[in-house]
Amino acid sequence: MIGQSLPPCVTVSQLYRTRNPRRFLRFLFLFLGFFLSRNLCSCELLDQMAIKTNGFIDGIFPEELRRVLQSLAMEWGDVVEDMKALQVIPMKGAMTNEVYQVNWPTKGGGEGINRKLLIRIYGEGVDLFFNRDDEVRTFECMSNHGQGPRLLGRFPEGRVEEFIHARTLSAADLRDPEISALIAAKMREFHNLEMPGSKTVSVWNKMRDLLGEAKSLCTVRDAKEFRLDVFEDEINMLEKEISKGRHETGFCHNDLQYGNVMIDEETKAITLIDYEYASYNHIAYDLANHFCEMAANYHSDTPHILDFDKYPGHEERCRFVRAYLSSSGEKPTEDEVLLLVQAVENYKLANHLFWGLWGIISRYVNQIDFDYLEYARQRLQQYWKIKPMLLLGSSGVVVNSCDSNGYAGVGTREGA
């Protein structure tokens, strides 16, 4: 919230946890309605929320969220006391959590003058993919680096965050050359951050862990369809083949889809958000993940469908990598650009395998309305399709050059 003082983070009791965000949201809506009668809080636009409230469920969660909100109100001092105009609006596109914008009117501010904040409800089963405590520490550290929103408060089922006054990108924005160059520079800045914790690349062991979870959750039919019995060999092979030679590492986002990138329309400043999967990793993996996400549109009528024809061509990849390397102030050589472009191509195999396993597990543990199994199916089908082109002595890209404008020489092999 630009120009407004922000309170310190508020943390409440960690008792009475639930892994079901929808159950918590029923508590949230009961809380909003209950405290409306006590002039503590109210909520409009509840009819916009696609959440079922099947009867009254007694619980402590509304009280814990109430304490966070009351603490914020006391710290700010300028929000209305009865809050009858408070609005809760769902934000679409999330696949791990459920995110809601809260508009909180200010005293004497006039109609439409609000403080804004976000309420993030943690998704089910996310502890299988990352450690929530580590993610919160990363969130706070990123905030201290000036890299993202501030953490305003925590409660057992989620947290309250600063609202960033910027626009979340669309799928089409990733293909805009100007915006793409800004993202490339921001990724370089992100990768150069010094973050606490282990700097060991753990993506391979993480995939082995996910494979174990997928095997334990899957039906026999799904396990056979997705060929889970051969995945351990695939992970071992990828680690051996892709990790050959020297690969630069850095602090990677690892989930840089368009919904996790925001832009200030006036300053053109880029902000990366949602660090749940962030860790030290090979930077080529992070770039490959970003390129693969160009095949997705999570705000379409079929958000689980991927269009791999939209994977960026070699010219576009060269342009992005050149912008990435140039952002440090030194002009990269043609060989440096080509070397990273080709490393990225190989790491997209690991990327498809990781998110394929993620989709399979999410099918069994997450209640968000998203066809996780079909998403996994597409990811893994693409893995098997492109594997022969990228391994066993072929980079998958046969190029003569990549000039300063990002133009590829003759002979390219495309596809995500």
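The shown structure was predicted, so the numbers you read here are calculated from the model rather than taken from an experiment.

Enquirer: Quick one: what's the story with the environment of I235, residue by residue and with numbers?
Expert: Structurally, I235 is set in helix α7 (residues 231-242). Leaving out residues up to four positions away in the same chain, I235 has contacts with W204, M207, R208, L211 and L353.

Enquirer: Could you give an account of the pairing of strand β4 (residues 114-121), with specific residues and numbers?
Expert: The buried count for β4 comes to 6 of 8 residues, which makes it a mostly enclosed element. Where strand β3 (residues 98-105) and β4 come together, 8 bridges link them in antiparallel fashion. The residue of β4 that forms the bridge with V102 is L117. Where β4 meets strand β6 (residues 158-162), 5 bridges bridge the pair, whose relative direction is antiparallel. Looking across to β6, one finds that L118 is bridged to E161.

Enquirer: Before we move on, can you summarise helix α9 (residues 314-326) with the specific residues and values?
Expert: In this model α9 runs 18 Å from its N-terminal to its C-terminal C-alpha over 13 residues, within 8% of the 18 Å that 1.5 Å per residue would give. Every buried residue of α9 is accounted for by H314, E316, R317, C318, F320, V321, R322, Y324 and L325.

Enquirer: Give me the packing of aromatic side chains: which residues, what numbers.
Expert: This structure, assessed with the given rule, holds 18 aromatic pairs. With a centroid separation of 6.5 Å and an interplanar angle of 50°, the aromatic rings of F231 and W384 are classed as tilted. Separated by 153 residues along the polypeptide, F231 in helix α7 and W384 in helix α11 (residues 372-390) bring together distant segments of the chain. Arranged with centres 6.0 Å apart and planes meeting at 20°, the rings of Y258 and Y298 form a pair that is stacked. Taken together, the residues span a long stretch of sequence, with Y258 in the loop between β8 (249-252) and β9 (261-263) and Y298 in the loop between α8 (283-292) and α9 at a distance of 40 residues. With respect to burial, Y258 and Y298 carry one shared label: buried.

Enquirer: Account for the side chain of H282, with residues named and values stated.
Expert: Residue position: H282 is located in strand β11 (residues 279-282). At a separation of 3.4 Å, a polar atom in the side chain of H282 contacts the side chain of Y347. Other than its neighbours up to four places away in sequence, H282 contacts V201, W204, S243, H247, E248, T249, C252 and Y347.

Enquirer: Break down the packing of α7 against α11 for me, with residues and values.
Expert: The interhelical angle for the contact between α7 and α11, taken along N-to-C directions, is 50°, at an axis separation of 14 Å. The angle between α7 and α11 places the two elements in the oblique class. Crossing of α7 over α11 shows left-handed handedness. Residues F231, E234, M237 and L238 of α7 lie in contact with α11, whose contacting residues are L380, Y383, W384 and K387. Among the residues making up the contact of α7 with α11, the classes are represented as 6 nonpolar, no polar and 2 charged.

Calculation criteria
- Residues numbered from 1 in each chain as written.
- Predicted model: local features only at pLDDT ≥ 70, side-chain atom pairs only at ≥ 80, totals over all residues.
- Heavy atoms only, no water.
- Helix = DSSP H or I, 4+ residues; strand = E, 2+ residues; numbered from the N terminus.
- Contact = heavy atoms within 4.5 Å.
- Buried < 20%, exposed > 50% of the residue type's maximum accessible area, 1.4 Å probe, protein only.
- Pairing = 2+ DSSP bridges.
- Expected span 1.5 Å × (residues − 1).
- Phe/Tyr/Trp six-rings, centres within 6.5 Å; stacked < 30°, edge-to-face > 60°.
- Polar contact = N/O pair within 3.5 Å; in protein donor to acceptor, adjacent residues only side chain to side chain.
- Axes fitted to C-alpha atoms, helices over the stretch in contact; angles between N-to-C directions.
- Parallel < 35°, antiparallel > 145°, perpendicular 65-115°, else oblique.
- Left-handed = near helix turned anticlockwise from the far one by under 90°.
- Nonpolar A, V, L, I, M, F, W, Y, C, P; charged D, E, K, R; others polar.

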